[in-house]
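These are the residues of each chain, in order.
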Amino acid sequence: MGYYIHFKMAAANSIPSLKCEVCTATVTLYSKFCATCGAKLDEETQALKYYFNEGYEYEVILCFLLKYHKIEMSLRTLKERFKSLGLRRRKLLDSNNQDVRARIQEELDGPGCLSGYRNVWHTLRREGYQVSRQAVATCLQEMDPEGCDRRRRRKLKRRAYTNPGPNHCWHIDGYDKLKPDGFAIHGCIDGYSRKIIWLRLDRTNNNPVVIARYYMDAVKKHGGCPLKVRTDCGTENGLVAAAQCFFIGNDLAHIYITSPHNQRIEGWWSYLRQHLTTWWINFFKDLLEQQVFTTGNELQMECLWFCFARLIQQDLDRLKEHWNTHYIRESSHDTVKGRPNELFYLPELRGTEDFLAPVSAQQCDCITENYLSLAENTNEYQEYFQSAFHAAGLSNPQNWREALDLYHSLHRYATS
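Because the structure is predicted, anything quoted here is derived from the model rather than measured.

A.B. asks: What is the right way to read unusual backbone geometry from this model?
C.D. replies: Excluding glycine, a negative phi dihedral is what most residues carry, and trans is how most peptide bonds are arranged. Of note, Lys 70 is a non-glycine position whose phi angle comes to about 60°, a positive value. Note that Lys 70 resides in the loop between helix 3 (58-69) and helix 4 (75-84). If you check the backbone angles, Gln 291 has positive phi at about 60° while not being a glycine. Take Gln 291: it is sitting in the loop between helix 11 (263-289) and helix 12 (298-325).

The structure is reproduced here in structure tokens:
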């Protein structure tokens, strides 16, 4: 039971979810009943569907079931269970399937247009579409030829990097490309597995309290901290450095380095730029050119945050889960192949160990109570927009078009 709870707490910010077979409502992997229709859910069935759709190999699925759910079965039984659930990897949809093409078109109408066929294929697999990579590549060639040509010309030269195991070193950094538009991003990546520990959107990524809260949230979820943390020399990392050294009991547990040497997270920012933020950067630049908002107008910037922050965080969560479950191929740069979640949670499959250092609840409370218990500042603009949002009977936007319509509605309401 201890491992099962640990896995739940160590999961990403968004809890793994599936669809209820009765009413198609979203339920979590650990739900016993559907909150919408009340149908009883079987833990084993839920886990099998989740790990199958995430694309894990059968042997890895057996390890997950045994280690985190205490469910033991043979490979033959696993295949029979998948067959009984209608989950087959060889019976694939082709490129002419209209559902597949409609879903790909939906991806292309937004930040997903930045992704290559492997990323789109993995996205479809995670949503239950059993389709071959070649079929996805064919669809993208037909539906987005310019994007395919643009990605084909891209080349990236990588530096060599080695790390002994998960939780040996976390790399932390902020991402400022959307900061001119009021959206600051902060992230952390595990050096060995390349699993994204957190990827958060906030008003600022320069406040030491904000960054330390991200770190403490991760420590509490995982039940411990890494042996080392690497950050750049920014003042926003001071509290994280102090907490890390306090937990390990060694002032060498935190390492200040220049940004170019913090290559694990710095390198991942290029992935974020390529697959998500380029679209948002261009989107906000278009709005600026159309004079929809100006960066010097506080009311407009606050309205922009209210309408788009939730949507961008959802995109970040999806990209994080996508990355953590995609397969990293073997390369000549001395990096271990596999899926980040698999490498992080099952290090024994690669002949290594988890270097997580236990942190007690008392140690966490000491840091939280003494340094992170400051009261949150109220934002009158956000309170006003929240009130106007409910008064007008509006609903949360589900895509960028609805968010833009919401922005126009609230801006008119505020300036009328």
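A.B. asks: What is the right way to look at the pairing of strand 5 (residues 196-202) in this model?
C.D. replies: Successive side chains on a regular strand alternate, one facing one side of the sheet and the next facing the other. Most of strand 5 is tucked away, with five of its seven residues classed as buried. Examined bridge by bridge, strand 4 (residues 184-190) and strand 5 share six bridges and lie antiparallel to one another. Residue pairing across strands places Ala 184 opposite Asp 202, the latter belonging to strand 5.

A.B. asks: So what exactly am I meant to see when it comes to the nonpolar core here?
C.D. replies: As a rule of thumb, soluble globular proteins bury nonpolar side chains together. Counting 58 residues, the largest nonpolar core has Phe 183, Trp 268, Trp 280, Phe 284 and Phe 308 as its most contacted members. Counting residues per element, this core draws most heavily on helix 12, which supplies 13 residues. In terms of nonpolar packing, the next biggest core, distinct from the first, is built from 53 residues, Met 73, Leu 87, Tyr 214 and Ala 357 among them.

A.B. asks: How do you make sense of the sheet that holds strand 3 (residues 169-175) when you look at a structure like this?
C.D. replies: Remark on secondary structure: sheet strands pair via backbone hydrogen bonds, oriented parallel or antiparallel. What the five strands build is an open sheet, ordered 5-4-3-7-8; its pairing is mixed. Of all strands in the sheet, those bounded by a partner on one side alone are strand 5 and strand 8 (254-256). The sheet shows a mean angle of 15° between the axes of neighbouring strands, direction not considered. Sheet contacts for helix 9 (residues 208-222): strand 3, strand 4, strand 5 and strand 7 (228-231); angle to strand 5, the most-contacted strand, approximately 145°. On the sheet, helix 11 packs against strand 3, strand 4 and strand 5 and is oriented at approximately 50° with respect to strand 3.

A.B. asks: Is there a simple way to think about the confidence of the model for the protein chain in this case?
C.D. replies: Detailed reading of predicted coordinates is not advised where the pLDDT is low. In the predicted model, the protein chain carries a mean pLDDT of 88, and the fraction of residues at 70 or more is 93%. Here residues 1-14 is modelled with pLDDT under 50, and outside its nearest four sequence neighbours on either side it reaches 33 contacts, counting other chains as well.

A.B. asks: It is not clear to me how helix 4 should be interpreted in this structure. Could you clarify?
C.D. replies: Residues spaced three or four apart along an α-helix point in a common direction, a consequence of the helix completing one turn every 3.6 residues. For helix 4, the full list of buried residues reads Leu 78, Arg 81 and Phe 82. Down the axis of helix 4, the smallest arc covering the buried residues is 100°, so these residues share one side. Structural note: helix 4 exposes Arg 76 and Ser 84 on the side pointing more than 90 degrees away from its buried face. Next to the buried residues of helix 4 lie helix 2 (43-54) and helix 3. Immediately beyond the C-terminal end of helix 4, within one or two residues, lies Gly 86, with a positive phi of roughly 75°.

A.B. asks: Explain helix 15 (residues 380-391) to me, please; I cannot follow it from the model alone.
C.D. replies: When the terminal C-alpha atoms of helix 15 are compared, their 16 Å separation across 12 residues agrees well with the 16 Å that a helix rising 1.5 Å per residue should span. Listing the buried residues of helix 15 in full gives Gln 382, Phe 385, Ala 388 and Phe 389. Here the buried residues of helix 15 occupy an arc of 125° about the axis, which is enough to place them on one side. Facing away from the buried side of helix 15, by more than 90 degrees, are the exposed residues Glu 380, His 390 and Ala 391.

A.B. asks: I tried to follow the packing of aromatic side chains on my own but got confused; where do I start?
C.D. replies: Aromatic ring pairs: the centre-centre distance and the angle between the two ring planes describe each pair. By the definition in use, this model includes 36 aromatic pairs. Considering the side-chain rings of Phe 183 and Trp 305, the 5.4 Å spacing of their centres and the 20° angle between planes classify their relative orientation as stacked. Taken as a pair, Phe 183 in the loop between strand 3 and strand 4 and Trp 305 in helix 12 lie far apart in primary sequence, 122 residues in all. This pair shows no difference in class: Phe 183 is buried, exactly as Trp 305 is. Cluster of aromatic residues (ring-pair linked, three or more members): Phe 183, Trp 279, Trp 280, Phe 283, Phe 284, Phe 293, Trp 305, Phe 308 and Trp 400. The cationic tip of Arg 89 hangs over the ring face of Phe 52; the distance from NZ or CZ to the ring centre is 4.6 Å.

What counts and how
Residues numbered from 1 in each chain as written. Predicted model: local features only at pLDDT ≥ 70, side-chain atom pairs only at ≥ 80, totals over all residues. Heavy atoms only, no water. Helix = DSSP H or I, 4+ residues; strand = E, 2+ residues; numbered from the N terminus. Buried < 20%, exposed > 50% of the residue type's maximum accessible area, 1.4 Å probe, protein only. Pairing = 2+ DSSP bridges. Core = buried A, V, L, I, M, F, W, Y, C linked by side-chain atoms within 4.5 Å. Axes fitted to C-alpha atoms, helices over the stretch in contact; angles between N-to-C directions. Contact = heavy atoms within 4.5 Å. pLDDT = per-residue confidence, 0-100. Arc of directions from axis to C-beta. Expected span 1.5 Å × (residues − 1). Phe/Tyr/Trp six-rings, centres within 6.5 Å; stacked < 30°, edge-to-face > 60°. Lys NZ or Arg CZ within 6 Å of the ring centre and 35° of its normal.

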